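Fold and geometry: a report
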Amino acid sequence: MRTLFKTDYRQDLTIWRHRGDLFWYGLLLLIVLALPHLLGVFYIGELGAVFIYAIAGVGLMLLTGYTGLVNLGHAAFLGIGAYTNAVLLTAGWPYLLTLPASALLAAIAGVAIGIPTLRMSGLYLAIATLAFGEIVSNVLEKWDSVTHGFNGLPVPIPEIFGYPIAGATAVYYVALAMLILTLWIAANILRTPFGRALMAIRDSEVSARSMGINVALYKTVAFGVSAAMAGLAGALFAQYVNYLAPNSFDVLLSVQFLTIVFVGGVGSLQGVIFGALFVRLLPQAISIFRDDLPGNIGHLPGLDPSLFGLILVLTILFQPTGIYGGWLSLKAWFQDFPLHRAGGFRRQRSYAKSERV
Amino acid sequence: MALFRAEGLAVHFGGIRAVDEVSFEVDEGEVFAIIGPNGAGKTTIFNLISRLYTPTMGRMSFRGHDITAIPAHRIAGLGIARTFQNIELFAKATVLQNLLIGCHCHVRASIAAQILFAPSARRDELAHREKAEDVIAFLDLQRYRDAHVGGLPYGVRKVVELGRALCTEPKLLLLDEPSSGLNMEETEVMGFWIEDIKKDLGITVIMVEHDMNLVRQVSDRVMALNYGRLLALGTPAEVQSHPEVIRAYIGGEVPA
């Protein structure tokens, strides 16, 4: 068990708790950078998708996990980002401009949904955002002149400094860079008054207001930042699939993002990564075991969505801290071995909803 | 000059006159207690001052400025902080984080600067941390610094909430039943803290309180309310022996 002895307030401002953290995350980065040379194209493609889901997941974590606003229309922001990217690339914009433009347009949409829903929370907000998702999905279908409706929209291959972003490996590296940027921004938000204001709004709106927090402003900005991250993920998603269809951004995708947040672990950025891995790998696992299931259960329509729903419900009921919370308890058990007891002298990290990175 | 002044303050909810044309002044450096039976409108007055409610009639001014129409989130920045009757802490955060949220009204860095963790955001953080540590030292909260608020005993949470209010560096502190839920010993300690806040920090205090021992111990002046109306205003001894106040609490006829 490591005991931190702090001698300076600056030690609380770092992203890393101590040098050990820095070492392990550095090692992880090296491994992730080297992976395309070690794994086949299929796995690199899948991991690229995990990164893209994680970027959108970080956005939803800020909104749902830290601000306490449920969003069932997160996929709509992804769709807005994806189509913006595709349309602007077709118009000949450079990639380094279409990425921020996609994030920006999604952020504007986020603010647009954030302002009218300011007074809503819980179930009502879930219904409102669900409706918003359906509206965006319908617009993408019907706005033929821009989105080509169900004919789909081919996504041009962009270039960064003359290097074409095509194929699994290129998308993988771009997505990795953007994921690191997103995580850095989220970590900054969480260690500054902005992030604490979001948590304050989640825990007690009345007292947040009495502490001088402009609740309406922060909720709106939270929606905007969350949507911007989803828009960025959407822009990368467009590169990942090469061909956009309006029905890719439906409520099922939104539920998958909620699954990332809850299964990964509410209130932790690490949880987002675990959640994204889980959500992307589950369909693969289902397809592997599909043929071994008795009868024709494996080929029933709607098996995947029902499994996602079931897992989401079971997680909220039985493992509310998600995968990351489970990992922390396990780590604590080994660190205190053989003295560990439930609810013992250690600070209860499993309940650390507001914990910084 | 009075630090805080309410003139003909009233708020009606439908047909109920929760506060009915109450006027009072609070001078700088005093502890001003508001007493009264349940439903007298004491907490409602706090909610009016912290602008969670909008008065139906009347005006409020603080340090000479009219605050009747100022949005609730700007009240803390002007120098009015409050605690709540049933503790409204941020339960899933640590004590330190709660105190840092109390520093929120002194944030200078823009949201964009915070997202990029620019030097201005770093300066803010260090300044807030120092302020929070001052309050931790003042209220003896060192051993709870990193504990989650949700798991702390009620009495400690009460002190944490007081600390969070102090972090806003208020000129005027509103304490809503500081002794509720505390045992006799804790109530006495709370009384000493209120005296320290007044003497050492020079903060003016308005408190709603039921415990008459605490009221006698710390307050300079007392205002008694019943059914939203002002019954009596004066020193603790005067108000306690005021026939209207006795009738409000005990009932019975009072010779006219």
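It should be noted that the structure appears before, not after, this text.
These notes cover the structure that comes with them. (Residues numbered from 1 in each chain as written. Chains lettered and ligands numbered in written order. Predicted model: local features only at pLDDT ≥ 70, side-chain atom pairs only at ≥ 80, totals over all residues.)

1. So, the nonpolar core
General note: in soluble globular proteins, nonpolar side chains tend to be found buried as a group. The condition that has to hold: The term nonpolar core refers to a group of buried residues, namely Ala, Val, Leu, Ile, Met, Phe, Trp, Tyr and Cys, whose C-beta atoms join them within 7 Å. Here the C-beta atoms are placed from the backbone, and a residue counts as buried if at least 20 other C-beta atoms lie within 10 Å of its own, exposed if 12 or fewer do, and partly exposed otherwise. We call two residues in contact when their backbone-placed C-beta atoms lie within 7 Å.
If you look at the biggest cluster of nonpolar residues, it comprises 171 residues, and the most contacted ones within it are A:Ile52, A:Ile55 and A:Leu236. Apart from the residues lying within four places of it in its own chain, the contact partners of A:Ile52 are A:Ala175, A:Ala233, A:Leu236, A:Phe237 and A:Tyr240.

2. Focus: the environment of A:Val111
Residue and element names in this part refer to chain A. To be explicit about the condition: Under the DSSP-based scheme used, a helix requires at least four consecutive residues in state H or I and a strand at least two consecutive residues in state E, with every element numbered from the N terminus.
In this structure, Val111 sits in helix α4 (residues 95-114). Separated by 110 residues in the primary sequence, Val111 and Val221 place their C-alpha atoms 7.0 Å from one another. What Val111 contacts, discounting residues up to four positions off in sequence, is Thr220, Phe223 and Gly224.

3. Remarks on the interface of chain A and chain B
By a frequent convention, interface size equals the accessible area lost on bringing the separate parts together. Inclusion rule: Just so you know the grouping, Ala, Val, Leu, Ile, Met, Phe, Trp, Tyr, Cys and Pro go in nonpolar, Asp, Glu, Lys and Arg go in charged, and all remaining residues, Gly too, go in polar.
Counting from both sides, the interface comprises 30 residues of chain A and, opposite them, 36 residues of chain B. When contributions to the side of chain A that touches chain B are tallied by element, the ones reaching two or more residues are α7 (167-190), α8 (193-203), α9 (205-210) and α10 (215-241) of chain A. In terms of residue class, the side of chain A that touches chain B is built from 15 nonpolar, 9 polar and 6 charged.

4. A closer look at the packing of helix α12 (residues 269-289) of chain A against helix α14 (residues 322-336) of chain A
Two numbers describe a pair of packed helices, the interaxial angle and the distance between the axes. Residue and element names in this part refer to chain A. Quick reminder of the rule: The axes are straight lines fitted to the C-alpha atoms, using for helices just the contacting stretch, and the angles between their N-to-C directions are given from 0 to 180°. Angles are sorted into four bins: roughly parallel if under 35 degrees, roughly antiparallel if over 145, roughly perpendicular if 65 to 115, and oblique for all others. Helix crossings are classified by the rotation of the near helix relative to the far one: an anticlockwise turn of less than a right angle makes the crossing left-handed, while a clockwise turn makes it right-handed.
Running from amino to carboxyl end, α12 crosses α14 at an angle of 120°, the nearest separation of the two axes being 7 Å. Looking at the two axes, α12 sits oblique to α14. As for how α12 packs across α14, the hand of that crossing is right-handed. Across from Gln270, Gly271, Phe274, Gly275 and Phe278 in α12, the residues of α14 making contact are Gly322, Ile323 and Tyr324. Here the contact of α12 with α14 is composed, by residue class, of 4 nonpolar, 4 polar and no charged.

5. Quick notes on the pairing of strand β8 (residues 204-208) of chain B
All names here are of chain B. Convention followed: A pair of strands is labelled paired if DSSP reports no fewer than 2 bridges between them.
Burial of β8 is extensive: 5 of the 5 residues sit out of reach of the surface. Covered by surrounding structure in β8 are Thr204, Ile206 and Val208 together with Val205 and Met207, the residues of both alternating faces. Pairing analysis gives 4 bridges linking strand β3 (residues 31-35) to β8, with the strands arranged parallel. Opposite Ile34, over in β8, you have Val208 as the bridge partner.

6. Looking at the sheet that holds strand β7 (residues 172-176) of chain B
All names here are of chain B. Ordered in space as β6-β7-β8-β3-β9-β10, the 6 strands form an open sheet in which the pairing is mixed. The strands lining the two open edges of the sheet, one partner per strand, are β6 (80-82) and β10 (229-234). Between one strand axis and the next, the sheet turns through 20° on average, direction left out of account. The sheet contact formed by β7 and β8 spans 5 bridges and is parallel. Paired with Leu175 across the two strands is Met207, which belongs to β8. Of the strands in this sheet, β9 (221-226) and β10 touch helix α10 (residues 243-250), which is tilted by about 125° from β10.

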